[in-house]
Amino acid sequence: MTTALESLLRARTGPMTDDLVLHPGEFGLGRIPARLKPAATTNSVCGFCSTGCSLKIHLNERGEALNLSANPDYPVNLGMACPKGWEALTPLRAPDRATTPLLRNEQGELEPVDWERALLVFSGKFKEIQQRFGNDSVAYISTGQIVTEEMALLGALAKFGMGIKHGDGNTRQCMATSVVAYKQSFGFDAPPYTYADFEESDVIVLWGSNLCIAHPIMWQRVMRNRHSPGIIVIDPRVTETAQAATQHVALRPKSDLTLAYGLAHLLIARGAIKPEYIAAHTSGFAEFEKFVAEFTPGRVAGETGLAPEVLEALAAAIAAGKRVSFWWTMGVNQGHEATRTAQAIINLALMTGNMGRPGTGANSITGQCNAMGSRLFSNTTNLLGGHDFTNAAHREKIASVLGIPETTIPRENSLAYDQILDGIAEGKIRGLWVIATNTAHSWMSQGRARDLLASLDFLVVQDMYSTTETAQAAHLVLPAAGWGEKEGTFINSERRIGRAQKVARAPGQALSDFKIFQLIAHYWGCGAMFARWSSPETAFQILKQLSRGQPCDISGIRDYAHLEQAGGIQWPWPKSTGETGSQHPLGDNTPAIAERRLFADGKFFTTDGRAKFIFEAPRPAPEPPDAEFPFVLLTGRGTSSQWHTQTRTAKSAVLRKLYPEKIYAEVNPADATRLGLSAGDAVVIRSRRGSLTAAAFITATVQPGQVFLPMHYAETNQLTHWSVDPYSRQPSYKACAVSLSLSDR
Amino acid sequence: MVAPKKKQPTLSLIDELLAEQSLLQTPVARAAEAFDGTAVAERKTKIFADLIPLSAPQPGEQYAFQVDLDSCTGCKACVSACHSLNGLDENETWRDVGLVSSPDARRPFTQTITTACHHCADPACLNGCPVLAYEKDPITGIVRHLDDQCIGCSYCVLMCPYDVPKYNEARGIVRKCDMCHGRLSEGEAPACVQACPTQAISIVTVTTHVNGRLQADTSSFLAAAPDPSITLPTTRYVTKRVLPENLFAADAAVIEPQPPHWPLVAMLMLMPMAVGCGVADKILGLPTPVLGVCGWLAGAAGLALSVFHLGQPLRAWRVFLGLRKSWLSREAVIFGAWFGLATAYLAIRLGWLPLNYPPLRTALAAGTAALGMLGLFCSVMIYVDTKRDFWRFANTAPRFFGSAIVLGLASALAAPGAPRVLGVLLAGAVVLKLIAEARAIDRTIYDRDLPLTPARKTSLLLTRAPLRSVNELRIAAAGLGGILLPLMIAAGSIPVVAAWPGLLLVALGELAERYLFFRAVVAPKMPGANHA
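1. Concerning the overall build of chain A
In terms of regular secondary structure, chain A is built from 27 helices and 28 strands. Against the 2.2 N^0.38 benchmark of 27 Å for 745 residues, chain A shows a C-alpha radius of gyration of 26 Å, consistent with a compact globule. With 745 residues in all, chain A has 64% of them scored as buried. Across chain A, contacts joining residues at least 24 apart in sequence account for 72% of those joining residues at least 6 apart.

Rendered as structure tokens:
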């Protein structure tokens, strides 16, 4: 009786309570709500950043993704994921997915059409432009966000099937610098490291990298380091990572190259170099040594704004390290002398012998989930498989693997992204096909970029969403399936090839990029040329053949199942008795070792097998502050819950809660006082190219005279300056001149 | 597949690829991962053994979240993982990550702060709940919310100093973090603990009672967070560093109106009117029943409207359960009783009940008036108990009781046969009430260098868009309907019938004042993120 009364008065159970009661979820998931209990699970590599975390997808009986959790059995992420990974399925359900092809009608509106019409218009328009203005008048912009098999088919189709010469990727905006730096210094675009190096180092130098926010799961590896490492962060801002570091070097923006040469000078002066290593495995050190003699502490202190003691402490920390690893990200890659800066970091690692051993290396941390796949297989900068368009033997090899005439392969290199856009201005490029990237948001000097897109005769955008800034400017939108709705592989920062799985149905008529390329091949009339590319997995087999004999040889990987069993496989993984005669170091049947690094033998991919010291005198940044625009504008990642132009992350209510809704500017308190700014005030930021209004976030984490804007807000690139590194042609997003004033609004 | 099958229309390739796109591998077709319970259990134990307590708390102890500030770098995986592993609604999160910052330009400092329910030793949500929809687990100390008990009154949302319980519109109830008690009881780590890449969150055992008396050490609570002495939050924020002084929340400068709670705004205008009419009726002893009817109608409407504030009104019959601690419970019960008395009194007065026995009538009138005042006092205490600055007693009681007086007088003035001199009294009461209200506006608001205290934020809210215009309306309505017209009526320069539009204006003014009462309050919360 008491119990009955008690339960009448206090409803401790009932449908609402049951909704959250946890039951064993099985599949290693621990306890989860009953309605989320999966019928099976499968693992898929995340499609946001280059860390390449494996996500365990929970499936219902129909094979549809119900939920996901971080995969505890993958060597990359060890059961962890960042908020973007946890929310990876949510953007698929967004209401603004492109569900049919959209064609701009006579009223100037995008109107749904069927695939047949879309494909006929696609082929018709681009062929018409090519006939009138030549084949090279149509270009394409690819991406680091689709699977390798898709980017390879796109590159092959566009360049070999459609006669397009100029195609580049959005990876130009993030990784081009590392590509060129590695190619020139090591003889191949080969990031040498494995994530285990974060755990093995006794000194970790993070240069222009806010690892905590941009790559939180890599930071996990730093935190797992049991050697109490010195963590040195080189960054103008006191970032989250800088605050977690043991030493923060807040150099003047874009004085990195001078700092690196100054460090080389100090290390030589201290005798903290490894002459045996330099003699055995490198070339050009004598010239380099002579060159850095001029970079005296006095000069470097003056140019970097760092106290001589800071320089000494930095050199001392590096000199004292037995296993020093150098890591860089966009702070280095996006600069006016970025390639030389990356190479200056490589030089530091080489001269101190910090290469090829656990916990060492000159290590570029990639941005996008498949930037590395793009670097090797997108057929943009390199001929498929890290080959060279200008090399006849390479063209022959690729032609024979693909069974196509060698004459279909361009003999010249493509224009870079910025040159393609300049080509539009010059009237040379008239048609553009943009795949899975958002030029109208992400390109520097956005106003000019948008004007150029608007001036095209025909712009095709292939994307998951019809609402991206670039899709809104398109004449034709092709609806693409997203991550989770298709199969393929990604290659992460540490060269690990991992599998992405199809666990959800694409909405409406959306098709995987692979299928869209197949259809385009058919409608273009070159379908037969790509008949062998019948599915992503058959395409993967083609990629294996293309890679054979290259430093990125993956011919020893059997198939997708092999990748899954091994927990991803880092390249190289050659077949030991391939036609090239290359010997697999461990034999074919050795299970893939979870973590492998390059250059343990000191042999590089250059013709003489030696790594090169490459250097050049620093140059001033292209747009220094002046009386009218007295501030330096820094841009970068805002929070770990935002990804690039936010086309996906803005679709998750959870992620939206984790970043400021509107654009904000970080302003130093001294500047704020001078300008009469209080926290939250609207501040107008102007550059020579445009202006925006942001909410002031007053913090001493930016230095006086500098202002920081996150790159995720569409307004930011209205201000940035159109300038590129001359070697990598990567945009220099991170330093331009602006003025600040309190808004009168 | 790219090469079309011969002699088929070209459309078929599109159809074929569309069909293929919609195919998913079923679990049977996949090489589904075999579930190995033991291996998983072992692995979990290995990973999380040092992150959750090995044994249950002893008497006087409870479980608590511990956040290692030195390890937390603000990746926010805890928020997402909690959302996914607990199957929360799309826009529902039980954790949040904020930021504190130092004003010291010489030592740039920011620190991300992850926050969930603090599972307080003396939880305000539990103490305020009118239906006992909160329980503090006698062993673990976890503060659990009983979702099937909740009536969706949102009072816990107002009571919690940390903005933890969140009203779920779609479900009509509040939900909040339960420290994954279902996981902890099986030796599994809570979702946020499992998901933190740097192991910054753990579950520890803390002491809450010494010799059976409530005594929790809140010294490891966070600077820049609301005062821990109110509810004794148990979360420990630990660091090996010496944190800078004067830390402030990144959203400290955010000044945004709180939700209006329209049903409550209306109810809290109508109930004082009902009480005021009843008291005026008793005191003035007018021959007309107009005041009584007016009061009863206001009360009936007020009580009816209050139901619209509930997400689960059908469960509201349990509202008496919280009488021991909850002012909301007390208010509901007392106004319920008041309504009974008021109805009986009015029925007798109107001759609808054959009980016109004068002592009974007097007793009923007095009882109704007294209960009404008591109910009103409970209404005041509901807000005072939240410990919010703008809702302190000195600011709330004059408003609620003042409304009773001005609305009672304004109604009385309109009643047939009422003395015109009431107009002077009304005008005086309105002036006094406006003065009392004006005291909430801090005179230092325009000094940008002073810290933004809750009082200054409320003042700014009241004097800036979007609330400024409502404030102006409030003053204009009171000035015209509560001061000018009554004085003119008292002076005999306009007919008494003008008291009716006067009453409407006064009611409108009080409604606006009550709206501002809800919107201009500053709700304490844990440090939020920079909030552009």
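Moving on, there is more to tell.
2. Section: the overall build of chain B
Secondary structure summary: chain B contains 16 helices and twelve strands in total. Principal-axis analysis of the C-alpha atoms places the extent of chain B at approximately 95 × 75 × 50 Å. Taking all 532 residues of chain B together, the buried fraction comes to 50%. Considering only residue pairs separated by 6 or more positions, chain B has 72% of its internal contacts joining residues 24 or more positions apart.

3. Regarding the packing of helix α12 (residues 393-414) of chain B against helix α13 (residues 422-438) of chain B
To describe two helices that pack against each other, one gives the angle between their axes and the distance between the axes. Residue and element names in this part refer to chain B. The geometry of α12 relative to α13 is characterised by a closest axis approach of 9 Å and an angle of 160° between their N-to-C directions. If you check the angle between α12 and α13, you find them roughly antiparallel. Handedness of the α12/α13 crossing: left-handed. Facing α12, whose interface residues are P398, R399, G402, I405, V406, L409, A410, A412 and L413, α13 presents L422, G423, L425, L426, A429, V430, K433, A436 and E437. Grouping the constituent residues of the contact of α12 with α13 by class yields 13 nonpolar, two polar and three charged.

4. Considering the interface of chain B and chain A
The interface is formed by 67 residues belonging to chain B together with 93 residues belonging to chain A. Residue assignment for the side of chain B that touches chain A shows that the elements contributing at least two residues are α1 (11-21), α2 (37-48), α3 (77-85), β2 (96-101) and α6 (181-184) of chain B. At seven residues, α3 of chain B tops the list of elements feeding residues into the side of chain B that touches chain A. Each residue belonging to the side of chain B that touches chain A can be placed in one class, and the counts come to 32 nonpolar, 21 polar and 14 charged.

5. Let's talk about the nonpolar core
Note on soluble globular proteins: their nonpolar side chains tend to be buried together. Core analysis: the largest hydrophobic core is formed by 364 residues, its most contacted members being V205 and I345 of chain A. Per-element tally for this core: the top contributor is helix α8 (residues 262-284) of chain B, with 14 residues.

6. Describing unusual backbone geometry
In the segment running from W571 of chain A into P572 of chain A, the intervening peptide bond is cis, with an omega of 5°. Cis geometry marks the peptide bond from A465 of chain B to P466 of chain B, where omega comes out at 5°. Among the structural elements, P466 of chain B can be located in the loop between α14 (454-463) and α15 (468-491). Here K254 of chain A, not a glycine, exhibits a phi torsion of approximately 65°, which is positive. Within the secondary structure, K254 of chain A is located in the loop between β12 (247-249) and α11 (256-269).

7. As for the sheet that holds β12 of chain A
Residue and element names in this part refer to chain A. Ordered by their spatial adjacency, five strands build an open sheet running β12-β11-β10-β14-β15, and the pairing between neighbours is parallel. Single-partner strands in this sheet number two, and they are β12 and β15 (361-364). Along the sheet, successive strands turn relative to each other by an average axial angle of 15°, direction set aside. Across three bridges, the pairing between strand β11 (residues 230-234) and β12 is parallel. Note on β12: the bridge partner recorded for I232 is Q247.

8. So, the confidence of the model for chain A
Model confidence for chain A is summarised by a mean pLDDT of 95, while 97% of its residues fall at 70 or above. Ignoring residues within four places in sequence, the model shows residues 577-591 of chain A, a span with pLDDT below 50, making 18 contacts including any to other chains.

9. Describing the sheet that holds strand β18 (residues 476-479) of chain A
Neighbouring strands of a sheet are bound in pairs by backbone hydrogen bonds; such pairs are parallel or else antiparallel. Residue and element names in this part refer to chain A. Sheet architecture is open: seven strands sit in the order β7-β6-β18-β17-β16-β8-β9, paired in mixed fashion. Here the strands that pair on one side only, and so sit at the sheet edges, are β7 (110-112) and β9 (167-169). Taken pair by pair, the neighbouring strands of this sheet meet at an average axis angle of 15°, ignoring direction. Both strand β6 (residues 102-104) and β18 contribute to a ladder of two bridges, which runs antiparallel. Bridge pairing in β18 places L103 opposite L476.

10. A short note on the pairing of strand β23 (residues 631-636) of chain A
Residues and elements named next belong to chain A. Taken across its six residues, β23 has six buried, putting it largely inside the fold. The side-chain alternation of β23 yields two buried faces, one formed by F631, L633 and T635 and the other by V632, L634 and G636. Of the pairings in the sheet, the one linking β23 to strand β28 (residues 736-742) comprises three bridges and is antiparallel in character. Pairing of F631 across the sheet is with V738, part of β28. Two elements, β23 and strand β27 (residues 706-710), share five bridges in a ladder whose sense is parallel. Paired with V632 across the bridge in β27 is Q706.

11. Brief notes about helix α23 (residues 513-524) of chain A
Residues and elements named next belong to chain A. Taking 1.5 Å as the rise per residue, α23 with twelve residues should run 16 Å; its terminal C-alpha atoms sit 16 Å apart, in good agreement. Along α23, twelve of the twelve residues are buried, which leaves the element largely enclosed by surrounding structure. Among the residues of α23, those classed as buried are D513, F514, K515, I516, F517, Q518, L519, I520, A521, H522, Y523 and W524. Positive phi shows up at G525, right after α23, with a value of about 95°.

12. Some points on the environment of H166 of chain A
Assignment of secondary structure puts H166 of chain A in the loop between α5 (148-161) and β9. C-alpha of H166 of chain A to C-alpha of S137 of chain A: the two residues are 29 residues apart in sequence and 8.5 Å apart in space.

13. Here's the deal with the confidence of the model for chain B
Keep in mind that low pLDDT regions are not for reading the predicted coordinates in detail. Residue and element names in this part refer to chain B. When pLDDT is averaged across chain B, the result is 92; 94% of the residues are at 70 or more. Segment residues 34-38 is flagged for pLDDT under 50; beyond a separation of four residues in sequence, or across chains, it makes three contacts in the model. Taken over the whole predicted complex, pTM reads 0.94, whereas the ipTM for its chain interfaces reads 0.93.

14. Re the packing of α12 of chain B against helix α16 (residues 499-519) of chain B
All names here are of chain B. In the contact formed by α12 and α16, the axes pass within 8 Å of each other and the chain directions differ by 165°. The orientation of α12 with respect to α16, classified from their angle, is roughly antiparallel. In this structure, α12 crosses over α16, and the sense of that crossing is left-handed. Listed contacts from α16 to R399, S403, V406, L407, A410, S411, L413 and A414 of α12 are A499, W500, G502, L503, V506, A507, E510, E513 and F517. The residue inventory of the contact of α12 with α16, partitioned by class, reads eleven nonpolar, three polar and three charged.

15. Let's talk about the pairing of strand β3 (residues 110-115) of chain B
On any regular strand, side chains alternate: one points to one face of the sheet, the next to the other face. Residue and element names in this part refer to chain B. For β3, a buried count of five out of six residues is recorded, marking the element as mostly surrounded by other parts of the structure. Bridging between β2 and β3 involves six bridges; their strand directions are antiparallel. Bridge pairing in β3 links V100 to Q111.

16. Topic: the environment of A286 of chain A
Residue position: A286 of chain A is located in helix α13 (residues 285-292). In the structure, A286 of chain A is positioned 425 residues away from M711 of chain A in sequence and 41 Å away in space, judged by C-alpha atoms.

Analysis parameters
Residues numbered from 1 in each chain as written. Chains lettered and ligands numbered in written order. Predicted model: local features only at pLDDT ≥ 70, side-chain atom pairs only at ≥ 80, totals over all residues. Helix = DSSP H or I, 4+ residues; strand = E, 2+ residues; numbered from the N terminus. Rg over C-alpha atoms; globule rule 2.2 N^0.38 Å. Buried ≥ 20, exposed ≤ 12 C-beta atoms within 10 Å, placed from the backbone. Contact = placed C-beta atoms within 7 Å. Axes fitted to C-alpha atoms, helices over the stretch in contact; angles between N-to-C directions. Parallel < 35°, antiparallel > 145°, perpendicular 65-115°, else oblique. Left-handed = near helix turned anticlockwise from the far one by under 90°. Nonpolar A, V, L, I, M, F, W, Y, C, P; charged D, E, K, R; others polar. Core = buried A, V, L, I, M, F, W, Y, C linked by C-beta atoms within 7 Å. Pairing = 2+ DSSP bridges. pLDDT = per-residue confidence, 0-100. Expected span 1.5 Å × (residues − 1).

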